[in-house]
Amino acid sequence: MLYPIKVIDIELSSPLVTIENLDGFMGLQALVRLHGRPIGYISAPVTAGKISAKTLSKLILEQHHQKIIIHLLEKGLFKTPPPTGWKFEDLLDLPPLKWTGDWPLVTVAVCTRDRTDDLELCLNSLVNLDYPHLDLLVIDNAPASDDTEKLTKTKYPQIRYVKEPRPGLDWARNRAIIEAKGDIIAYTDDDVIVDLGWVKALAKVFAEEPKVMAVTGLVVPYELETEAQVLFEENGGFGRGFETKRYQISPDKKLPWSFISTPWIAGTGANMAFRRSLFAQIGYFDPALDVGTVTNGGGDLEIFFRTVKEGHLLVYEPSALVRHCHRREYEKLKLQVKNNGALFACFVREAIAYPNERLSLLRVTLWLVIWWHLRNLFVSLMNASKWPRDLVLAELRGSAIGFTTYQKASKIASDIEANFGSLPSLELPENAALPQKPQYPGGTAVQTLELTEAVTNPLTDVTDYSSVRLFVTWKGSAIAHFDIPNNYQPISATHLRQLLSEKFGLKLLNPTRNISDEFRAAEAIAYLRRYYKPAEKTQFQTPLSLPINVSVSVIVATYSRPDDLHNCLTQLTAQKSPRKVEIIIVDNNPDSGLTPPIVAKFKNVILITEPRQGLAYARNTGIAASTGDIVVTTDDDVGLPSGWLEKLLVPFNRPDVMAVTSNVLPVELETESQWLFEQYGDGGLGRGFKPFEGTGDWFRKSWRYAVPAWKLGATANAAFRSSIFSYPEIGLMDEALGAGMPSGVGEDTYLFYKIMKAGYTVAYEPQAFIWHRHRRDLPALRRQLHNYSKGIVAYQLTTLLKDGDLRSLILLGIDVPLWHASRIKSRLKGQTDYPINLVLHEALSHLPGPWSLWQSRLRVQQEGYSEPYIPVSERSVH
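Presented here is an overview of the structure given in this document. These numbers were taken from a predicted model, which means no experiment stands behind them.

It is at 9 Å that the axes of helix 12 (residues 342-353) and helix 13 (residues 358-381) come closest, and there the two elements cross at 165°. It follows that helix 12 is roughly antiparallel to helix 13 by the angle criterion. With respect to the hand of their crossing, helix 12 and helix 13 are arranged in left-handed fashion. Listed contacts from helix 13 to L343, F344, F347, E350, A351 and I352 of helix 12 are R358, L361, V364, T365, L368, V369 and H373. A per-class count over the contact of helix 12 with helix 13 returns nine nonpolar, two polar and two charged.

Written out as structure tokens, the structure reads:
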């Protein structure tokens, strides 16, 4: 899990600049905004403590150019276009859209209980809101002390303080309804920091559309500093997307599956607002739900459900933005996840209140239990879930409890009401419009819209119709039409502009221009690239390299190959590097006496011995003795080009990168066996000429397919941050895997596997290639392939037995046999020259894999495990 992550906003109406001073952060999550309106997120790894403006520009345009274009088109529709229509470049400098109508009085209510540190941050943001008519209200819910009262009255005299003695968040929300002075009541939580324009974005929807009864908004993370915060956000958080959404049905209709199966899509209680008159029609919040009751949640979802079920319009508007302080501690996150089971308490409540929805609620319940919870558990068992298994189980337990809590909570709420008295009844305002029976139920209104005029007027004469067919004209000629479901409601000008921009896109600029959609898009993107091009000429002033204070240890394990070792050391000592480089040779056959004379020829090369045979043993011994910040591993039979070492180190400028691998190319292809080996797998030892990464997301990409860690390369050409060898979840190489053991190979692949499983990045950097001399004769090649095939099985069984990764069984039982069969088929069809007898040899060589792994494990138990890696700073000095 990669954290901390820096959270920022990027406003596109300001010049893009390089984000600096990011030392200590693993990555960046930026909320991209255009004139304050959220467009979407971009995420980027930190490189050398910064992220360049060039990188930001590239990511923003790659991921969000379409949303930027739509927003610009909405601005263009607000203005009267030139006679020939807008040119795209003209839209870029148009001013942002502004509401020119009256602003209603809005009551902002913060319901809190004994969390003054969080509350102070929240209130600081509220008193700085950009809104002319505010009524700020703190509801102190059954406090255990008077700290909240003191804070509010002492530091924030402009905020009204009200104590609500009845315990429960929905009691506090109901008290806010009673105390509110505004016609609009906006709710937020005490662990939220509201955006400067939050209330304006909410109020604009209510002001422009009198029929809207509820508005929810976007909730983004205030910080992503801890594992718990990153986990919560990566698994959905409170975000509900960046598109405006509208939810409404006729009062006599059943809720659609899309809503009833995921009621949380409508929003969250940390960011919601209502017309006060709504509660006179549908009643108060249900005090048997949410925090402070045995249900521990669901009050917000229930009011959304009831609002839509009763036929009212609820709008999700992402421009109404707040920032939420996610739980920093893992145990608090676990409790929060468990409390998600309150959804089922909400379902019980709705089943009681709306008998015609009971069958739908039962279907949804079964779907959520089987598809959501049991599927999540299954995916977790397959090691393909970002959500740790204990959180999956906590949510499952909470759901089981949720079915039983509503009845108990309802009784407690009744007892509280008996003790404190009933809430006062609410009356509709005198000017409240009562629903009118439509003249044409189920009918479709016909309207026209002329694109040469500004789209600033709503469609108001459509309230007798359930839908509108809108004919779009350009200079009086009809060019298109589309249908708008309006459910007997007016259609606001803002909604019209959104629909037109999304439906027709760049065709709105000059509909009669006879060019393809692809050309329009390419032209617009080209303008965007020029417009949002950063001021910096280059991403970095000098070629990127790792800081020279980062030291390196190079580990070469050898087994009685003096000639190869001499060549390797000659090229290794010739590497030019500005940093401290420590070279360690590990003699894995010290009895031969062949290695010391070779090492003695090279100044400052360290020789250590490891008598236990096995490449993992030897490398672990070298790693444990190393003192470098980076540990590089290579083999004694490779050739090292000039500049290899420094190129291999460059990706470590990113703190999320814990390992780097690179290409291994054949130094010669002179024999049949060398040529055949280059056709093995994905190309011998080579992994291609394009950089790529293995990450935690890649690790969990599929529950069906085992993570292809072998595609990342091998420790013949790899580097690691030395610190990872002391991490409990990673550690040293597995001694039972690799050359010199019965298992054959796999120690490097399993190390890559563990790094990615821990959430870190393995970067493949092809520029740091090395040369390798493949086996020259067929018997040697067959032995090598025999070891590879055994090692595949040994590695996969290790992930099964040590990590519980069930995907390995699918790979060994299905994917590997199918792979061999496809290779035989390709040979029979003449698509490859790889011999069938070698394919069969590889396939049969899988069979001793389990036995070889068992023998390797026994040998490790007999010979002992490697000494653990102790960080240099913790080593004793004698």
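Another point: the pairing of strand 11 (residues 271-275). Taking burial as the measure, the five residues of strand 11 include five buried ones, the bulk of the element. The side-chain alternation of strand 11 yields two buried faces, one formed by N271, A273 and R275 and the other by M272 and F274. Strand direction decides the pairing type here: strand 7 (residues 184-189) and strand 11, joined by five bridges, are antiparallel. Bridge pairing in strand 11 places I185 opposite F274.

A contiguous nonpolar surface patch, about 490 Å² in accessible area, is contributed by L359, L362, L366, I370 and L374. Position of I370 among the secondary structure elements: in helix 13.

Moving on: the packing of aromatic side chains. With the rule as written, the count across this model stands at 30 aromatic pairs. Arranged with centres 5.5 Å apart and planes meeting at 80°, the rings of Y187 and F285 form a pair that is edge-to-face. Within this pair, whereas Y187 is found in strand 7, its partner F285 is found in the loop between helix 9 (276-282) and helix 10 (299-309), the two being separated by 98 residues in sequence. Both rings, one in F344 and one in F347, keep their centres 5.9 Å apart while their planes meet at 85°; by these two values the pair is edge-to-face. With F344 and F347 both in helix 12, this residue pair falls three residues apart, about one helical turn.

Moving on: the pairing of strand 4 (residues 106-112). With seven of seven residues buried, strand 4 lies mostly within the body of the structure. Burial along strand 4 is two-sided: V106, V108, V110 and T112 and T107, A109 and C111, pointing in opposite directions, are all buried. As judged from the seven bridges shared by strand 4 and strand 5 (residues 134-141), these two strands associate in the parallel manner. Bridging from a neighbouring strand, C111 pairs with I139 of strand 5. Traced from strand 4 through helix 3 (residues 116-126) to strand 5, the parallel crossover comes out right-handed.

A few words on the sheet that holds strand 24 (residues 717-721). Strand order across the open sheet formed by eight strands is 18-17-16-19-24-21-25-23, with mixed pairing between neighbours. Looking at strand neighbours, the two that pair on one side only are strand 18 (605-609) and strand 23 (692-694), the edges of this open sheet. Taking each pair of neighbouring strands and ignoring which way they run, the sheet shows an average axis angle of 25°. Looking at chain direction, strand 16 (residues 552-558) and strand 19 (residues 630-635) are connected through six bridges and run parallel. Paired with V552 across the two strands is I630, which belongs to strand 19.

Turning next to the sheet that holds strand 13 (residues 444-450). The three strands lie next to each other as 13-14-15, forming an open sheet whose pairing is mixed. The open sheet terminates on both sides in strands that have one partner only, identified here as strand 13 and strand 15 (477-485). In this sheet, neighbouring strand axes are inclined to one another by 20° on average, regardless of whether the strands run parallel or antiparallel. In the sheet, strand 13 pairs with strand 14 (residues 467-474) via seven bridges, with the strands oriented parallel. Bridge pairing in strand 14 places A445 opposite V468. Helix-sheet contacts for helix 15 (residues 493-504) involve strand 13, strand 14 and strand 15, and the interaxial angle to strand 15 is about 115°.

Reading the values: rules and limits
- Residues numbered from 1 in each chain as written.
- Predicted model: local features only at pLDDT ≥ 70, side-chain atom pairs only at ≥ 80, totals over all residues.
- Heavy atoms only, no water.
- Axes fitted to C-alpha atoms, helices over the stretch in contact; angles between N-to-C directions.
- Helix = DSSP H or I, 4+ residues; strand = E, 2+ residues; numbered from the N terminus.
- Parallel < 35°, antiparallel > 145°, perpendicular 65-115°, else oblique.
- Left-handed = near helix turned anticlockwise from the far one by under 90°.
- Contact = heavy atoms within 4.5 Å.
- Nonpolar A, V, L, I, M, F, W, Y, C, P; charged D, E, K, R; others polar.
- Buried < 20%, exposed > 50% of the residue type's maximum accessible area, 1.4 Å probe, protein only.
- Pairing = 2+ DSSP bridges.
- Patch = residues over 30% accessible without salt bridge, like charges linked within 9 Å, V, L, I, M, F, W, Y side chains within 5 Å.
- Areas by Shrake-Rupley, 256 points an atom, 1.4 Å probe, with all protein chains shown as cover.
- Salt bridge = Lys/Arg side-chain N within 4 Å of Asp/Glu carboxyl O.
- Phe/Tyr/Trp six-rings, centres within 6.5 Å; stacked < 30°, edge-to-face > 60°.
- Right-handed = clockwise from strand over helix to strand, strands pointing away.

Purely geometric stuff here, so don't read any function into it on its own.
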